[in-house]
Each structure stands twice: as C-alpha cells, then as structure tokens.
Amino acid sequence: MRDVLLLIRHGQTDWNLEGRFQGAREVPINAVGREQARRNGRVLPSLLGEHDWQFVASPLGRAQETMRIILENAGRPDQPFVTHDPLKEVCFGAWEARTLKELREADPEAVATRKRDKWNYVPPEGESYAMLAERFGEWFKTRQGRQVIVAHGGITRVALHLLSGMPSASVPQFFIPHDRIIAIFDGKALVI
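Residues numbered from 1 in each chain as written. Predicted model: local features only at pLDDT ≥ 70, side-chain atom pairs only at ≥ 80, totals over all residues. Heavy atoms only, no water.

Participant: Give me the lowdown on the overall build of the chain, citing residues and values where you can.
Facilitator: When helices and strands are counted, the chain shows eight helices and six strands. Each helix and strand of the chain, ordered N terminal to C terminal, gives the series β-α-α-α-β-α-β-α-α-α-β-α-β-β. Dimensions of the chain, computed from the C-alpha atoms along their principal axes, are close to 55 × 35 × 25 Å. In the chain, which comprises 192 residues, the share counted as buried stands at 47%. Across the chain, every contact between residues at least 6 apart in sequence was considered, and the portion connecting residues at least 24 apart equals 72%. Just so you have it, the chain exposes about 9,400 Å², and 50% of that area is on carbon and sulfur atoms. Taken together, the 26 basic and 24 acidic charged side chains of the chain have centroids lying 4 Å from each other. (Helix = DSSP H or I, 4+ residues; strand = E, 2+ residues; numbered from the N terminus. Buried < 20%, exposed > 50% of the residue type's maximum accessible area, 1.4 Å probe, protein only. Contact = heavy atoms within 4.5 Å. Areas by Shrake-Rupley, 256 points an atom, 1.4 Å probe, with all protein chains shown as cover. Lys, Arg positive; Asp, Glu negative; His and termini not counted. Charge placed at Lys NZ, Arg CZ, Asp CG, Glu CD.)

Following this line, the structure appears as structure tokens:
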C-alpha cells in the first residue's frame, strides 16, 4: 500500500443537521462535529504506522477546524497541514443556505430535474458533481504518496468515483459519515 488516501469529512454543522445546502459557505462545526473529529483523531494513529504522510485540508473553516482537532487527538498538535482550493465543497450557488423542502416549494421543476441526474445538474450559480470531479481530478493528478485529506462529502464522493470506480450515477447518493475515516488503496475503499 504505497499510495494510500485517508479521507475524512469535516465534523457535523448545524446546517448539516437542518439539511441545508452548505457548499462554499463558511459554516462552523458544532459540538457533535467536534466530538466526531476527536473520534477520528483517536483512530488515526492506528492507520498512519511508521510512514510519511502529507496532511491536507479544504480551505473552508469547518475542514480546517476538524483537521486541527483530529491532529490534536492523534497526538500531533504541531503537525503542519496545507490547504488547497480544489478541495472546497461542491458549490450549490443560489441553493446554499436553503433546505430541499424550501427548494421544492420555490422551484419544484428544478428539484425534479436534479433528482433525475444529480451528477450533471448545475444549480443556479453553482456547479455539478461532474464539474467538481474535473476540479478535484486536476488537483489530484498532481499529488503523490500517502495523504490524510479533511474535506467535504462532495469531495469524498468524487474521490470514490475517481479512485474506486464508483459509478457517477451512484456518487451523489452515497452517504459520507462525519465520524469515520475512508481509506482508499489499490482501487478499494474501506470505511473505518
């Protein structure tokens, strides 16, 4: 397992709890999210072994806070990490801060269109999962070695598509937990 990726979704936010589209908005993690990050931090040392790892996070605050909590609970409070813009969550544009229920009431046709093809649907002023896959994929081609990445549900879904062959139609429906680590190696994914 030379090229291993450990993917961790940021801790839960109040907007996650309320079912609000967050996308590129800055929404802090909540108390449950901080506990989820602590849990992942306690598990992480057993996965790192004696290898060299790079630590990378989305530039959004919820991912950076999660990374700091993880590193502290992994016994690495001084471990540096870098951020990269391509790791930002999929942008939901005008849909951000709204719930699916609110969107169904305001624009039922748009919600129905998205439901038929979530991979390719572009919300007003936003981006599709296909666009996110392009953005993430370009960055991903430049990476090497073992990385711990703290990012978002959309980024994790796209990584599963690109690295393990998950079909694009399944990607947007795949549940990404906040309190687990997803290891990808040799085209296989394991939830820990």
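Participant: Which residues make up the environment of leucine 132, and what are the values?
Facilitator: Here leucine 132 is to be found in helix 7 (residues 129–140). Put simply, leucine 132 and valine 158 are 26 residues apart on the chain and 7.4 Å apart in space, counted from C-alpha to C-alpha. Once you skip the residues sitting within four places of it in the chain, leucine 132 turns out to touch Lys88, Val90, Glu127, Gly137, Gly154, Ile155 and Val158.

Participant: Go over unusual backbone geometry with me, naming the residues and quoting the values.
Facilitator: Even without glycine at this site, glutamate 125 takes up a positive phi of about 65 degrees. Mapped onto the fold, glutamate 125 is located in the loop between helix 6 (108–116) and helix 7. Residue glutamate 125 is classed as exposed on the basis of its relative accessible area, which comes to 72%. In this model, aspartate 186 sits at a positive phi of 50 degrees, which is unusual for a non-glycine residue.

Participant: Summarise the packing of aromatic side chains; cite the residues concerned and give the values.
Facilitator: Taken as a whole, this structure holds seven aromatic pairs when the rule is applied. Note on tryptophan 95 and tyrosine 121: the rings are 5.5 Å apart at their centroids and 35 degrees apart in plane angle, and the pair reads as tilted. Residue tryptophan 95 is located in the loop between strand 3 (82–83) and helix 5 (100–106), and its partner tyrosine 121 is located in the loop between helix 6 and helix 7; the two are separated by 26 residues in the primary sequence. On the basis of relative accessibility, which here comes to 5%, the residue tryptophan 95 falls in the buried class. Centroid distance phenylalanine 136 to tryptophan 139: 5.8 Å. Interplanar angle 40 degrees. Geometry classified as tilted. (Phe/Tyr/Trp six-rings, centres within 6.5 Å; stacked < 30°, edge-to-face > 60°.)

Participant: For the side chain of histidine 178, give the residues involved together with the corresponding values.
Facilitator: On the secondary structure map, histidine 178 appears in the loop between helix 8 (153–164) and strand 5 (181–185). Classification of histidine 178 as buried rests on a relative accessible area of 10%. Separated by 2.6 Å, the side chain of histidine 178 and the backbone oxygen of histidine 10 make a polar contact. Residues in contact with histidine 178, not counting those within four places in the same chain, are Arg9, His10, Gly11, Gln12, Asn16, Gln36 and Asn40. (Polar contact = N/O pair within 3.5 Å; in protein donor to acceptor, adjacent residues only side chain to side chain.)

Participant: So what's going on with the sheet that holds strand 5? Residues and values would help.
Facilitator: Strand order in the open sheet formed by six strands is 3-2-4-1-5-6, and the pairing between neighbours is mixed. One side of each edge strand has no neighbouring strand; the edge strands of this open sheet are strand 3 and strand 6 (188–191). In the sheet, strand 2 (residues 54–57) pairs with strand 3 via two bridges, with the strands oriented parallel. Across the sheet, the residue bridging to alanine 57 is threonine 83, located in strand 3. Where helix 8 meets the sheet, its contacts fall on strand 1 (5–9), strand 4 (147–151), strand 5 and strand 6, and the angle it forms with strand 5 comes to roughly 25 degrees. (Pairing = 2+ DSSP bridges. Axes fitted to C-alpha atoms, helices over the stretch in contact; angles between N-to-C directions.)

Participant: Explain the pattern of salt bridges to me, and be specific about the residues and the numbers.
Facilitator: Per the counting criterion, the structure on display carries eleven salt bridges. Arginine 20 serves as the salt-bridge partner of glutamate 102, at 3.4 Å between the closest nitrogen and oxygen. Separated by 82 residues along the polypeptide, glutamate 102 in helix 5 and arginine 20 in the loop between helix 1 (14–18) and helix 2 (31–43) bring together distant segments of the chain. Measuring nitrogen to oxygen at the nearest pair gives 2.4 Å for the salt bridge that ties glutamate 127 to arginine 135. Residue arginine 135 is classed as partly exposed on the basis of its relative accessible area, which comes to 23%. Where salt bridges share partners, they join Glu18, Arg20 and Glu102 into one cluster. (Salt bridge = Lys/Arg side-chain N within 4 Å of Asp/Glu carboxyl O.)

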